[in-house]
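Architecture at a glance
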Amino acid sequence: MIELKTPQEIEKMAVTGRFVGETLAELAELARPGLNLMDLEQRARRRIKERGAVSCYWDYAPSFGRGPFRNVICLSVNDAVLHGLPHKYTLRDSDVLTLDFAVSIDGWVADSARTVIVGTPRPEDVRLVESTGVALEAGIAAAVAGAKLGDISAAIQAVATEYGYPVNMQFGGHGLGHTMHEDPHVANAGRAGRGLVLRPGLTLALEPWWSATSNEIFTDPDGWTLRFQDGSRGSHSEHTIAITEDGARVLTRVD
Ligand code: MG
Ligand code: MG
C-alpha cells in the first residue's frame, strides 16, 4: 500500500531529513586515513541519543540479513557497497567509504547515503563516485508530479549507461514514511512512461549504487555486508525526496 503524506507530514519528514543529512556530513568529514569505522558508529550513536532520534537499523532483521542488526549506521568499504556491518577496521589512504544512515524522529523516517574517498583519490574512483551522484540528481529531476515511477528508473539507468557501468536490479530505492522500507520499489533501471503515477505527497528514497564492472553481489561471511563479486569498488548515493506540485523536494540535502 502506498500512503501519500500531507504537507504537514512532509514537514515532519524534513526535520528528520535535516538531522540525517547533517549527521552524514559530519561523519563524512571525519573519515580520513587512520580513523576506525567503530569511531563513526559511536559518533552516530551519540548524535542519535542527543537528538532523541530512533535508529531504523538497530534490531532490524530483514530477510536479506543475518539476525537483528546491532549498529546504527551501515559502513561499506571498497568492494563492499550495501549494508556494510561496522567493524574494527582502520581506514587507509584511497579507501572508498559508503555511509548509509536512517532514523526516525517523532515517528517519521528519513534515509540517506553518500560515498566518500578517504585521503588521496584514485581517478577511477572519482569518476565512479561522481556517477552515482549525477544519477541521483537525474532521478530527482525526473521525480515530478504526473510523471511515472519508470521515468525515475530510466533517468538513473541513463547515467549508468553513459558512464558504462552495469546496474544491479535486486536492490534499489523505496517508499518510506512511518517505516524505512515501504512500497513502491524504485529500481535503478527501467522503462520511461511505465509504472505508478507520481502524485504530490509520495515520499521516496532514491538510491543509485553500482561499481564500474560488476552487477553481481554476494554476502560477506558477516551475514550483512554486500560485496561485488569481482572485487570492484562501489559507490552509493541516496536522498529522501517528497513529490510536490513544484517538483521533488529533497528532504536530506544540507548545504
Ligand atoms: Mg539508506
Ligand atoms: Mg534506502
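Residues numbered from 1 in each chain as written. Chains lettered and ligands numbered in written order. Predicted model: local features only at pLDDT ≥ 70, side-chain atom pairs only at ≥ 80, totals over all residues. Heavy atoms only, no water.

1. Structural notes on the coordination of the magnesium ion (ligand 2)
Bound to the magnesium ion (ligand 2) are the protein donor atoms Asp111 (OD), His174 (NE2), Glu207 (OE) and Glu238 (OE), situated 2.1 to 2.2 Å from the metal. Here the donor residues for the magnesium ion (ligand 2) map to a single chain with the spacing D-x62-H-x32-E-x30-E. Here the magnesium ion (ligand 2) and the magnesium ion (ligand 1) are spaced 3.2 Å apart, and both take Asp111 as a donor. Of this pair, Asp111 sits in strand β5 (residues 108–117) while Glu238 sits in the loop between β12 (234–236) and β13 (239–244), and the two are 127 residues apart along the sequence. Classification of Glu238 as buried rests on a relative accessible area of 1%. (Donors = N, O, S within 2.8 Å, 3.2 Å for Na, K, Ca; no water. Helix = DSSP H or I, 4+ residues; strand = E, 2+ residues; numbered from the N terminus. Buried < 20%, exposed > 50% of the residue type's maximum accessible area, 1.4 Å probe, protein only.)

2. A look at the coordination of the magnesium ion (ligand 1)
Ligation of the magnesium ion (ligand 1) by protein atoms is provided by Asp100 (OD), Asp100 (OD), Asp111 (OD) and Glu238 (OE), these donors lying 2.0 to 2.8 Å from the ion. Donor residues binding the magnesium ion (ligand 1) come from one chain and are separated in sequence as D-x10-D-x126-E.

3. A look at the layout of surface pockets
Here the largest pocket is characterised by a volume of approximately 400 Å³. Looking at the largest pocket, it is lined by 24 residues, and the ones nearest its centre are Phe64, His83, Phe171, His174 and His181. Among the elements of the structure, β6 (173–175) and β7 (182–186) are those that each provide at least two residues to the lining of the largest pocket. When residues in the lining of the largest pocket are grouped by element, the largest group, four residues, is from β7. Counted by class, the lining of the largest pocket contains ten nonpolar, eight polar and six charged residues. Taken as a whole, the second largest pocket holds about 230 Å³ of empty space. (1 Å grid on protein atoms, 1.4 Å probe; cavity = no way out; pocket = protein on both sides within 12 Å on 5 of 7 lines; lining within 4 Å. Points joined across faces, edges and corners; volume = space filled by probe spheres on them. Nonpolar A, V, L, I, M, F, W, Y, C, P; charged D, E, K, R; others polar.)

4. Observations concerning the packing of helix α3 (residues 123–142) against helix α4 (residues 149–163)
Closest axis-to-axis distance for the α3/α4 pair is 8 Å, and the angle between their directions is 155 degrees. By the criterion of interaxial angle, the relationship of α3 to α4 is roughly antiparallel. For the element pair α3 and α4, the recorded crossing hand is right-handed. On α4, the residues touching Arg127, Glu130, Ser131, Val134, Ala135, Ala138, Gly139 and Ala142 of α3 are Asp151, Ile152, Ala155, Ile156, Val159, Glu162 and Tyr163. (Axes fitted to C-alpha atoms, helices over the stretch in contact; angles between N-to-C directions. Parallel < 35°, antiparallel > 145°, perpendicular 65-115°, else oblique. Left-handed = near helix turned anticlockwise from the far one by under 90°. Contact = heavy atoms within 4.5 Å.)

5. Observations concerning the environment of Leu30
Its location among the elements puts Leu30 in helix α1 (residues 7–30). Along the chain, Leu30 and Arg43 lie 13 residues apart, while their C-alpha atoms are 9.8 Å from each other. Residue contacts for Leu30: discarding those within four places in its chain leaves Leu35, Leu40 and Arg43.

6. Some remarks on the sheet that holds strand β3 (residues 80–82)
The strand order across the open sheet formed by three strands is β3-β11-β10, and the pairing between neighbours is antiparallel. Edge positions in the sheet fall to β3 and β10 (217–219), since each of these pairs with one other strand and no more. When the angles between neighbouring strand axes are averaged without regard to direction, this sheet yields 45 degrees. Of the pairings in the sheet, the one linking β10 to strand β11 (residues 226–228) comprises three bridges and is antiparallel in character. Considered in β11, the bridge of Thr219 is made with Leu226. (Pairing = 2+ DSSP bridges.)

7. Thoughts on the side chain of Ser214
Tracing the chain through its elements places Ser214 in the loop between β9 (209–211) and β10. Polar side-chain contacts of Ser214 include one of 3.1 Å to the backbone nitrogen of Glu216. Each residue touching Ser214, except ones within four places of it in the same chain, is listed here: Pro166, Phe228, Gln229, Asp230 and Ser232. (Polar contact = N/O pair within 3.5 Å; in protein donor to acceptor, adjacent residues only side chain to side chain.)

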